[in-house]
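# Residue-level structural notes
This is what each chain is made of:
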Amino acid sequence: MNTTITANPPALDEVCRLVGFSRSHAACLAEHGADLASADDAFGHRYFGFLLEAAPPLETLTRKLGSALRALIDGQQRHHEQLFALPLDAAAQDRAAAMGRIHGKLGLCPSLLAGLSEVRVRAVDQALHGLRLDEAVQGELREAARRRIQVDLLMQVSACRSLAPNTVPATATPARSLPASWLAELAGMDSALTPAVVCDSAARHGLSVACYALPAAHRVGGAPRLLPDAALRAALDAAAAGQPWHGEGALCVGAPGAAPRFALLAAGLDNDAQTLAQLKLVAALLANPAQPELQASERLTYVSQHDLTTALPNRQRLLELIDALQVPERWLIVVALDGFHELNARLGHAQGDELLRQCARRLDRLSRHCGGTARIGAARFAVYGDSAREGVDTMLERVVAALTLPIKLGIEAVELSVSAGIVVDKGERSDASAMLRRADLALIRARQGGGGGWHYYDEAMDIEIRRLHKLRADFALALQAGELELFYQPKINLVSHRVTGVEALVRWRQNGRFVPPGVFFPAIETCDLMRRLDAWVLAEAVASLERWQSAGRKLSMSVNVSALSLKHESFLPLVEGLLEHHALEPDTLEIEVLETLSQQEAMQIAGKLSRCRELGLRVALDDFGTGASSLVHLQQLPFDTIKIDQRFVRILIDSPENEAIIRSMVAYAGHTRRRLVAEGIESQAIWQRLLELGCEDGQGYEISPPMSAETLELWLEDWRCGEEVAA
């Protein structure tokens, strides 16, 4: 079989270039096209079903064709098979033109041919499902077949339109010629042409171009009431009557068939010299579907049920579709695009929307045969289906493979990482909202590892989420009921043993027992309770410092503040208000920032930390060494102190390789004149080794555990007395 595009006339080369049908696509079809063609022997029946909904009505076709209708259906089956099994050459062009002329004589307008192409695309998706091909090969074959269908569509549209001059009623207004300068400009544009670009270009040449979208334009009866534009009204009147139309460059797009897609209905292009521009307009409208303009009630219904960026069903419509899926076993996959917000900020909202649309088209193609796809969040999609038609494991693999293939945006190819949560309803008949909630829970679990993974829902997640919500509710009450308390862990100079300050740590006493920080912090760190806690801690810390200063005790205090609080607009006013009402000595309050904050978060808080230093506060980088961005943060953020993560320090004796890391930290701190504090000193051996490595400040249980304010007063006296005795 020929694996190249052979003997192409120039027009065929141009169509292939427009559509993007390449030699690699031709080679893919040469290898697998015959299998694809033989996998679907029922396309003729699909074609007949399409005619049942198309204009003109079936009885008109029957009257025109008589017994030849059966031959037309058989011929369409043959054409569908030849489309993929035979090479794209002059003979293929002739076959497409012949089919287009047949459709033109039957009164099928170009928009209906676009609808027929959608029928072909769905047939290909179903046929691929039955072929045992590698996922990557299946994707390549799907893309090659889709582009081959587009080539056939443009050839048929061209042939169908060529009949128009001979079928214009005698009373029709002759078409005005379009300016040659505009046609030349269109011919010079690339295949990324969009309807907006076409309209802008036409306006520059003095043309009145209207680009509208109408659902099932061939059946519109009240069109003049919807669209007052006279030229467009004439087009719709003609289309409703099954007649060709010639206008003054007005573009009209429609949505024929069950799967809404939009195509050229009329463009005022009616002579052979304008074929290239005509094909480009068709390609532009096919590649960039417009939203349908509906009557008022229909428009409200559409908007309430669909996402207007991707034209996919929205969350509410998704729930209705899942509940309507009456099958023994249903599944739902919620998939999120990791890092989409950063991508959107970098690429711009227009490119971000295009990225979402391309993802939507990929998922829609994958899921049509067994269920569907919806957009349920800024960067989240839901794919649902019937296990009898497609297993959830197989669909999950296909979804991940489809979304992680590079997406072309202009000159850039974007590669995505995705996370997914999956739930399967095995006959329990859970309502759709419960399924969606469970899939969301599974997605949260999948993203806890940093993204790029997936997780299946299990009942333990419901138990965990109930525990989490109860914990948050209890903590909110604890904030109001005074159950929280600040404990303090001393920091000392490891050489002189002088107490240099304390770190404030939160303790929650509930029913006479302490709730471990490791239990309640994970529950609140991503919600507004974290900000409320930070505000409480800062207020308590400042009040404690003022009391100590009034009592003559000079002691500095460090306070951990979350990135959530630092990013919030209320943070600086809170700090400024506290300092205004409490007279603190400079450098006595230190803000500790976790090293694990992201690059984007670091950029957001840099200015606020600088302002804190201007107000007389110090800034520390906590848990240094736990993340990949430590050194970047040191360069970007105005830190006075670096705190070595206790996980390095605790195993210092057993893991001598950590010594090199600590040595480098000591050298860096000395070079940049920053203070270095070691956390997690839990033995004299660690204390001594840190001194040998050059680290002179630290804290840990070998020095003292965290303690209440009252106990701290006693400890400070004991520590001072002990040091005096030792001296």
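Scroll up a little and you will see the structure.
Residues numbered from 1 in each chain as written. Predicted model: local features only at pLDDT ≥ 70, side-chain atom pairs only at ≥ 80, totals over all residues. Heavy atoms only, no water.

This paragraph deals with the overall build of the protein. Counting its secondary structure elements, the protein contains 31 helices and 19 strands. Taken over 727 residues, the protein has a buried fraction of 51%. Restricting to contacts in the protein with at least 6 residues of sequence separation, those with at least 24 account for 71%. When the accessible area of the protein is evaluated, it comes to approximately 32900 Å², of which 53% is carbon and sulfur surface. (Helix = DSSP H or I, 4+ residues; strand = E, 2+ residues; numbered from the N terminus. Buried < 20%, exposed > 50% of the residue type's maximum accessible area, 1.4 Å probe, protein only. Contact = heavy atoms within 4.5 Å. Areas by Shrake-Rupley, 256 points an atom, 1.4 Å probe, with all protein chains shown as cover.)

Turning our eyes to something else, we now look at the side chain of Thr 588. Residue position: Thr 588 is located in the loop between α25 (571-581) and β15 (589-594). We classify Thr 588 as buried; its relative accessible area is 10%. Of the polar contacts made by the side chain of Thr 588, one reaches the backbone oxygen of Glu 585; its length is 2.7 Å. Setting aside residues no more than four positions away along its own chain, Thr 588 makes contact with Leu 545, Gln 549, Leu 555, Ser 556 and Met 557. (Polar contact = N/O pair within 3.5 Å; in protein donor to acceptor, adjacent residues only side chain to side chain.)

Within the open sheet, the 5 strands sit side by side as β5-β6-β4-β9-β10. Their pairing is mixed. In this open sheet, the two strands that pair with only one neighbour each are β5 (371-377) and β10 (454-456). Pairs of neighbouring strands in the sheet enclose a mean axial angle of 20°, with direction left out of account. For strand β9 (residues 417-425) and β10, the ladder comprises 3 bridges, and the chain directions are parallel. Considered in β10, the bridge of Gly 421 is made with His 455. Together, β4 (330-338), β6 (380-386), β9 and β10 form the strand contacts of helix α19 (residues 392-404), whose direction differs from that of β4 by roughly 20°. (Pairing = 2+ DSSP bridges. Axes fitted to C-alpha atoms, helices over the stretch in contact; angles between N-to-C directions.)

The next thing to look at is helix α2 (residues 23-38). Here α2 is 16 residues long and its end C-alpha atoms lie 22 Å apart, about the 22 Å a rise of 1.5 Å per residue gives. At His 32, α2 is bent by approximately 60°, the largest bend along its length. (Expected span 1.5 Å × (residues − 1). Bend = angle between axes of the 7 residues up to and from the residue.)

Functional significance is not addressed by these values, which are geometric in nature.
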